[in-house]
Structures are given as structure tokens and as C-alpha cells.
Amino acid sequence: MTGASAPVAVTGLGVAAPNGLGAADYWAATRGGKSGIGRITRFDPSGYPAQLAGEIPGFDAAEHLPSRLLPQTDRVTRLALAAADWALADAGVAPESFDPLDMGVVTASHAGGFEFGQGELQKLWARGSQFVSAYQSFAWFYAVNSGQISIRHGMKGPSGVVVSDQAGGLDALAQARRQVRKGTPLIVTGALDASVCPWGWVAQLASGRMSTSAEPTRAYLPFDRDARGYVPGEGGALLVLEPADAARARGARVLGEIAGYGATIDPAPGSGRPSTLRTAIRVALDDAGAAPGDVDVVFADGAGVPELDRTEAEAVSEVFGSGRVAVTVPKSMTGRLYSGAAPLDVACALLAMRAGVIPPTVHTDPCPEYDLDLVLYQARPAELRTALVVARGHGGFNSAMVVRAGE
Amino acid sequence: MTDKEFTLDDLRRILLQAAGADEGTDLGADILDTSFDLLGYESLALLETGACIEREYGISLDDDTLTTDALTPRALIKTVNERLAAARS
């Protein structure tokens, strides 16, 4: 069944996160409250004001990818190619059994292949233009993950990339759902970002929102009165989307449904008008045909910046009622993964539904003014049918997505 | 630099370094007359391979040497050795 409101199912997950490589490891760590935030090891951070990150340990690209792909890929693309393989395997999909035009790839990206670009800039300055890799032509680019996944699996249907910072992770899933509803039988979608390298680091520092704390348990504290900025991380998740009826017809395990989506842009800073985040949440609920009382848990954006935390807490309280819905920020264990964050939260919501627990927000001592029912310290058992994921991007992007459990 | 001969083993080494090897392609086999296309190298891989040869051997190849003129390892090795000989004389 296709059409504007046809149910779209998630049938596979591929996860690469600082606290777990692969969905099983990630879920075990996340439900157990295990953080992947620590001092940067990928370069010497001692000269920088922010020195913590959520790094993915133990990813050896040569174990996962053919040598042909190594000289032409940034770390983020290697992670994305591995995650796409895992997502397709998890969905039980053999891409060669599909018509190439029946499969697409829609990802989001915050930075593209920054570390690759840094290496080529270093060659340009130190050794001359003839030393710059021909692969720099695409390896840095925002669309590179979509392109490489498309080539690797022969997916020639509707594809592209969305760039809207952290909100992009949900915007990509929404675009993928649109394409499935318009008739494409399978879309690989989601996002990974990874730019823990000096050039990427100075670009991120420019936001002024990064935490300069050196203590991994005190640096990123969403909804805490001592919130002082965020810790960036690397990774994210890719999902396989299919029409729900087709997925069931082929005997696939349906992990859940992308049931609703809403997106808004905030008013210009200094306009005095309030954030439109609450509207994005309401639009997503309406799109899902869900009432606020139907939502069992909110996976908050959790900026870790006081004025942004307040805006989000107010929006959640206004839509759901003060303290009326469970709220969690599992990204307190990974750092903020930019575009990768929200697809990882969607994956986390689906895993939480299956397990019947809400994973915790770690390290935060919540500011009582916000009046949120934050799930703290340890996982909370709960029957979960419907989750809301919120993602906000720098520059005023607000996105919200409603996810429902599979049958 | 310029008294070196460019051999098939040199090309194999540079191909691996510049672009890796396709799954199912054995670069160690007799590939002299197998086209780069069949070996799994697209134009960008060949551009990068050409740039690596130029840097290591201090010669200059035409832009279309690898994409239109020298389509097999044998043809490329011949072209590179002609350039090396010209640089020596």
C-alpha cells in the first residue's frame, strides 16, 4: 500500500555509538547507564578549551570494508557503510533481490567527511597541490554517505541528503518515509556524523555551546541547573524503512512504525517571539493521530545549554502537562552526535519498546524549575507503545517524530 | 629517480596504495592485458593512480592517459617508461 498516510515500518537497525558498536552492544550499554564520554584520544586536545568527546572505540574499518573503499572514505563514511550493512542484515534484506530503482538512500549530515578534508588540506599546504587526493572531490561532501551506500548496494531509487544540523536526523527519516509512501519499496535512512579531528573541533567550538569541563561526569548535563554546554560525539544510526504491509508480507520483523513528523523554524533571535518547538511536537502528534496522553516517553533533544533546555522543558510541559510524561536523554551517555543523534534516539526508542524499559539520563541532577519527569540514574520499566523524539538544530531547526511499537 | 624502470609490480603497489583492490580481483594474477575497467578501477581511481605515479617518478602524464589512451596495465607501463626515458635524455 502506498499513499499519503500509508504506515511505514522500520525493519532494520544499524548502530555505531560511543557506548556501543552495533545495536546489541549499544542497547546493553544504554539500558545500563554506561557512558562513552571521555578525554579525546583521536588527537591531542590539550591546546583546546574543550577536551572531552564521545568517541567510538575499536572500529577497525579494514575489518568491515573492502580495501577499494578505504583510500576514498572519511571515518564517518566507513562507519556509515558498516552501519548500513548491519541495518540491511538486521532487516533480512538482500539488496540484490530488489530492482535497483526500488531502493533509495536518504541520510542527513552535519559536517561531511571533515577529517579526510583536513588531511588533504594538510597535504596541500605542506607538500603541494599534486599531493591532494583525487577522492577529496567527494570524500568531504555532505552527500557522501548516501552516495557510497547507494553504490555499495546498487540502490538507484530516490536518494539524497538533508542538512539541518541535529534536526536533520529526523528530517531525513521523514523524507525517507515520504519516498516510501510515494512508492519506493525500501529506503536506507538515518545519519552518522564524526568529526573528532582538530579542524572539525575548531569548527564546532565556534558555536560557543561546547562544554569546557574536563570531568566526563560533569561536562554534559541536560536539564541540570549546572548545565554548561554539550559534549560532542561521533556516530549515529541507519534504519531500513519499508511499507508496513509489504514488510509483513515478506515475513519481516517489524520493529516499529514512523508514525508522525513535524518540523518548524524558530523566529529570528531578538524578535521576542517564542520558540516554535511546541508546534513541531503538536504537528507530529496530529500527523500520527496521537493525543498527548498516548505518548509513553519523550526522547528529548537535551541541549545542555540553559536557555535551550528551558525552551524544550516549557514546550514539553505545555503539550503534555507538567511532569505528565516520562522524559529521557540517552545522549547524555554518547554526547551530541549532530545529525546522528536523532536516528540513534529513534533506534533507542524502538529497542526500549521491545525491552519494556526507558533508558536513563545519566549525570544530571535536574533543575526543579523545569518540572519534567526525567528518568534518572537507571532504566525504568514501562510498557511503551508510543514515543516522541525531539531534535533541534543550530539556527532554529525544530523537528519532532512519533514512533510506534511494532505489532 | 629517473634511471628507474617502471614495472608491473610497481603498478600493483601503486594501485593498492591509491585505490585498493576490488573484492574478487587478484592483482597478483596475470593482469597485463586486463583493462582497468575490468579490474574494477573507475576514472577517479585512475586519476589518483596517475597522480601517485607522477609524484613518485617525477614525470608528468597527460590528463587522459589513464582514462582514454592507456586502458590496460601493459599500455600504462609502456607510457610511463617512455616518459621516464624522455626525462633521462
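Residues numbered from 1 in each chain as written. Chains lettered and ligands numbered in written order. Predicted model: local features only at pLDDT ≥ 70, side-chain atom pairs only at ≥ 80, totals over all residues. Heavy atoms only, no water.

A. Structural context of the domain arrangement of chain A. Residue and element names in this part refer to chain A. What the domain assignment lists for chain A is domain 1 (8–249) and domain 2 (260–405). A straight line from the C-alpha centre of domain 1 to that of domain 2 covers 21 Å. Taken together, the contact between domain 1 and domain 2 spans 60 residues of the former and 62 residues of the latter. Contact between domain 1 and domain 2 buries roughly 4,800 Å² in total, counting both sides, with carbon and sulfur atoms accounting for 66%. In terms of surface lost to domain 2, no three residues of domain 1 exceed Gln166, Leu170 and Phe223, which account for 21% of the buried area on that side. At the boundary of domain 1 with domain 2, the tally comes to 1 salt bridge. (Domains from an automatic or database assignment. Contact = heavy atoms within 4.5 Å. Buried area = accessible area lost by both parts, 1.4 Å probe. Salt bridge = Lys/Arg side-chain N within 4 Å of Asp/Glu carboxyl O.)

B. Up close: the interface of chain A and chain B. Counting residues at the interface gives 12 residues for chain A and 16 residues for chain B. Roughly 1,100 Å² is buried in total at the junction of chain A and chain B, and carbon and sulfur atoms are behind 53% of that figure. Here chain A is connected to chain B by 1 salt bridge. Note that Arg68 of chain A and Glu42 of chain B form a salt bridge whose closest N and O atoms lie 2.5 Å from each other. The interface formed by chain A and chain B contains 6 residue pairs in polar contact (both at pLDDT 80 or more). (Polar contact = N/O pair within 3.5 Å; in protein donor to acceptor, adjacent residues only side chain to side chain.)

C. Seen up close, the side chain of Ser213 of chain A. Residue and element names in this part refer to chain A. With respect to the helices and strands, Ser213 occurs in the loop between helix 8 (198–205) and strand 8 (235–243). For Ser213, the side chain forms a polar contact with the main-chain nitrogen of Glu215, separated by 3.1 Å. Excluding residues that lie within four positions of it along the chain, Ser213 makes contacts with Leu52, Arg218, Ala219 and Arg228. (Helix = DSSP H or I, 4+ residues; strand = E, 2+ residues; numbered from the N terminus.)

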